[in-house]
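Chain by chain, the residues:
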Amino acid sequence: MFDKILIANRGEIALRVIRACREMGIQSVAVHSTADSDAMHVRMADEAVCIGPPSSTDSYLNIPAIIAACEITGAQAIHPGYGFLSENAAFVQALEDHDITFIGPTAEHIRVMGDKITAKDTMKKLGVPCVPGSEGGVPDYETAKKVAEDMGFPVIIKATAGGGGKGMKLAKSADDLETAFRTARSEGKANFGNDEVYIEKYLGKPRHIEVQVFGDGKGTAVHLGERDCSLQRRHQKVFEEAPGPCITPEMRAAIGKTCADAVADINYIGAGTIEFLYEDGEFFFIEMNTRLQVEHPVTEAIFGVDLVREQIRVAAGMPMSFGQDDLTINGHAIEVRINAEKLPNFSPCPGKISAYHSPGGLGVRMDSALYNGYSIPPYYDSLIGKLIVHGRDRPEALSRLGRALGELIIDGIDTTTPLFHALLAEDAVQTGDYDIHWLEKWLESNLG
Ligand code: ADP
């Protein structure tokens, strides 16, 4: 096992990894930008190294500075968290060259799954059902027109390198196609340095269902059920739960096995998420994330496992501490993302926290790096906390969520907390009866 791990991240996820390290008796090293000198992850880690100025390009994405921090502190492994360098194959390759272990999959798996066209092609070959669409990339508008007409509108044009909802454009009819095609291409180029795009059938009322998988890198893999992340704004998740309200045990076992077999087949190592759109009883693969997800705590809650501990174990060459038969679901869990944003426009709202109180009690987990007097810097993602509740069933989890939200105090800035109070009053949320478009429509008529 490692003696010391460096965490190449910040905020709540850096704390999350530090916690796992401490429980495992492993020393932790925080890295931080000059804007984060007072951040909680810096205070909580055993050691901390400043790696650059505020801009993430010069700090949290600065590969030479991060490798130097490892060498100075003697850290043997790096946990990347999510975002930043977590899905950067060149980073993983650079670590390999420096004999530093990356706590995550191989550079090759990151490369294959990071390109959505290759990912889809690979999954199709592994027997995973995919959204109908173009065979690979679509080189020009003429081809796009032909593919879309053959398939029928509406269609969605996606940048193969896209992520975070960027590089994705809907064409409702032939009239929108040219603009959608060109915009998706230019967004792909501008944000990810790659203008290759592909086309998919646009699904009208799907749910977002994702399967958590975990592999040992030696041909064994398990699934840890699904999460339903259908409540989204601008293709970004805001409310996630496990298990999915519309997934039966039989469906879970079947899609879970398909996913576990697929990743076992490629000797996948560590945590991964296979994302699907789910409509009319059918699953359609959209992408795989080769890292820990923001919403992993809901899975941890219902299975009673520590996914970060497990990631560290397999990265150190140890076996997984559970097999498929050990994994049984206990109750229901929900996570809401608390962002430093001002409603109704969700405009970023960094600033000084004048009072902070975290909710507690049975079945409540608050993953956050906030503290009284902390100043949220303006340079990074607006996620400042994740409130996770666990109950015996969905109704209990929902009422616990309402209770916990009521206890949460974050003064000094605006947050998305009022959104969740309002959502809990909605019948659709109480019954779990919504698709991925529901929240956008709700926001338009309630906050618009
Ligand atoms: P990203 O990598 O940017 O997150 P994804 O491919 O994972 O992009 O898609 C993000 C979200 O966009 C999905 O959860 C869903 O809400 C929507 N979406 C993606 N593909 C389709 C599709 N074919 N039809 C309808 N909605 C889609």
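Because the structure is a prediction, the values reported are computed rather than measured. (Residues numbered from 1 in each chain as written. Predicted model: local features only at pLDDT ≥ 70, side-chain atom pairs only at ≥ 80, totals over all residues. Heavy atoms only, no water.)

Asker: Tell me about the overall build of the protein chain, residues and numbers included.
Answerer: Helix and strand content of the protein chain: 15 helices and 22 strands. Computed over C-alpha atoms, the radius of gyration of the protein chain comes to 21 Å, within 12% of the 22 Å expected from 2.2 N^0.38 for 448 residues, which places it in the range of a compact globule. C-alpha atoms of the protein chain, sized along the principal axes, occupy 60 × 50 × 45 Å. Buried residues in the protein chain amount to 57% of all 448 residues. (Helix = DSSP H or I, 4+ residues; strand = E, 2+ residues; numbered from the N terminus. Rg over C-alpha atoms; globule rule 2.2 N^0.38 Å. Buried < 20%, exposed > 50% of the residue type's maximum accessible area, 1.4 Å probe, protein only.)

Asker: Give a detailed account of the site of the ligand, specifying residues and quantitative values.
Answerer: Every one of the 21 residues lining the ligand counts as a neighbour, but Lys 158, Gly 165, His 208, Gln 232 and Glu 287 are closest to it. In this structure, Gly 164 approaches the ligand through a main-chain N or O atom, which is 3.1 Å from an oxygen atom. At a separation of 2.9 Å, a nitrogen atom of the ligand approaches a polar backbone atom of Lys 201. When the ligand sits alone it has 550 Å² of accessible area, and the protein chains cover 96% of it. Contributions of two or more residues to the shell around the ligand are made by β6 (155-163), β8 (197-201), β12 (269-279) and β13 (282-289). With four residues, the top contributor of residues to the shell around the ligand is β6. For the shell around the ligand, the residue count by class is eight nonpolar, seven polar and six charged. (Near = heavy atom within 4 Å. Polar contact = N/O pair within 3.5 Å; in protein donor to acceptor, adjacent residues only side chain to side chain. Areas by Shrake-Rupley, 256 points an atom, 1.4 Å probe, with all protein chains shown as cover. Nonpolar A, V, L, I, M, F, W, Y, C, P; charged D, E, K, R; others polar.)

Asker: Just give me the short version of the packing of helix α1 (residues 11-23) against helix α11 (residues 307-315), but keep the residues and values in it.
Answerer: The geometry of α1 relative to α11 is characterised by a closest axis approach of 9 Å and an angle of 65° between their N-to-C directions. The angle between α1 and α11 falls in the class roughly perpendicular. Crossing of α1 against α11: the hand is right-handed. Only Leu 307, Val 308, Arg 309 and Ile 312 of α11 make contact with α1, whose side of the interface consists of Arg 16, Val 17, Ala 20 and Cys 21. Grouping the constituent residues of the contact of α1 with α11 by class yields six nonpolar, no polar and two charged. (Axes fitted to C-alpha atoms, helices over the stretch in contact; angles between N-to-C directions. Parallel < 35°, antiparallel > 145°, perpendicular 65-115°, else oblique. Left-handed = near helix turned anticlockwise from the far one by under 90°. Contact = heavy atoms within 4.5 Å.)

Asker: Which residues make up the environment of Leu 408, and what are the values?
Answerer: Assignment of secondary structure puts Leu 408 in the loop between α12 (394-407) and β22 (409-411). If we skip the residues at most four places from it in the chain, Leu 408 touches Ile 338, Tyr 356, His 357, Pro 359, Met 366 and Thr 417.

Asker: So what's going on with the pattern of salt bridges? Residues and values would help.
Answerer: Two side chains that carry opposite charge are able to pair once their charged atoms sit near each other. A full pass over the atoms with the stated rule returns 35 salt bridges. With its nearest N and O atoms 2.8 Å apart, the salt bridge here joins Glu 300 to Arg 16. Of this pair, Glu 300 sits in helix α10 (residues 296-303) while Arg 16 sits in helix α1, placing them 284 residues apart in sequence. Exposure remark for Glu 300: the relative accessible area of 6% places this residue in the buried category. By relative accessible area, Arg 16 is classed as buried at 6%. With its nearest N and O atoms 2.7 Å apart, the salt bridge here joins Arg 394 to Glu 241. Taken together, the positions of Arg 394 in helix α12 and Glu 241 in strand β11 (residues 236-242) put the pair 153 residues apart, joining distant regions of the chain. Of the two residues, Arg 394 and Glu 241, both sit in the buried class. Linked through salt bridges whose partners overlap, the residues forming this network are Glu 210, Arg 227, Lys 237, Glu 240, Glu 275, Glu 295 and Arg 337. (Salt bridge = Lys/Arg side-chain N within 4 Å of Asp/Glu carboxyl O.)

Asker: Report on the sheet that holds strand β7 (residues 166-171), specifying residues and quantitative values.
Answerer: Taken in spatial order, the three strands of this open sheet run β7-β6-β8, and their pairing is antiparallel. Each end of this open sheet is capped by a strand with a single partner; those strands are β7 and β8. Averaged over all neighbouring strand pairs, the angle between strand axes comes to 25°, with direction disregarded. With five bridges connecting them, β6 and β8 associate as antiparallel partners. Within β8, the position partnered with Ile 157 by the bridge is Ile 199. (Pairing = 2+ DSSP bridges.)

Asker: Hey, could you go over the nonpolar core for me, with residue numbers and the actual values?
Answerer: Counting residues in hydrophobic clusters, the biggest one holds 79 residues, and the most contacted among them are Leu 224, Phe 239, Ile 312, Leu 401, Ile 410 and Trp 438. Per element, the largest residue contribution to this core is seven residues, and it comes from α1. What Phe 239 contacts, discounting residues up to four positions off in sequence, is Asp 228, Cys 229, Leu 231, Ile 334, Glu 335, Val 336, Leu 398, Leu 401, Val 429 and Tyr 434. Counting 26 residues, the second largest nonpolar core, distinct from the first, contains Val 49, Ile 67, Leu 95 and Phe 102. (Core = buried A, V, L, I, M, F, W, Y, C linked by side-chain atoms within 4.5 Å.)

Asker: Explain the packing of helix α3 (residues 63-73) against helix α4 (residues 89-97) to me, and be specific about the residues and the numbers.
Answerer: Contact geometry of α3 with α4 gives a least axis separation of 11 Å together with a crossing angle of 35°. The interaxial crossing formed by α3 with α4 has right-handed handedness. Of the residues in α4, those touching α3 at Ile 63, Ile 66 and Ile 67 are Phe 91, Ala 94 and Leu 95. For the contact of α3 with α4, the per-class residue count stands at six nonpolar, no polar and no charged.

Asker: Kindly report on α1, identifying the contributing residues and their values.
Answerer: Compared with the 18 Å implied by 1.5 Å per residue over 13 residues, the 19 Å span of α1 between its first and last C-alpha is a close match. Burial analysis of α1 places ten of its 13 residues in the buried class, the great majority of the element. Along α1, the positions that sit buried rather than exposed are Gly 11, Glu 12, Ile 13, Ala 14, Leu 15, Arg 16, Val 17, Ile 18, Ala 20 and Cys 21. Positive backbone phi, at 75°, marks Gly 25, one or two positions downstream of α1. (Expected span 1.5 Å × (residues − 1).)

Asker: I'd like a rundown of the environment of Phe 303, residues and numbers included.
Answerer: You can see Phe 303 is positioned in helix α10. By relative accessible area, Phe 303 is classed as buried at 12%. Sequence separation between Phe 303 and Lys 342 is 39 residues, and the spatial gap between their C-alpha atoms is 34 Å. Setting aside anything within four residues of it in sequence, one finds Phe 303 in contact with Leu 224, Gly 225, Leu 327, Thr 328 and Ile 329.

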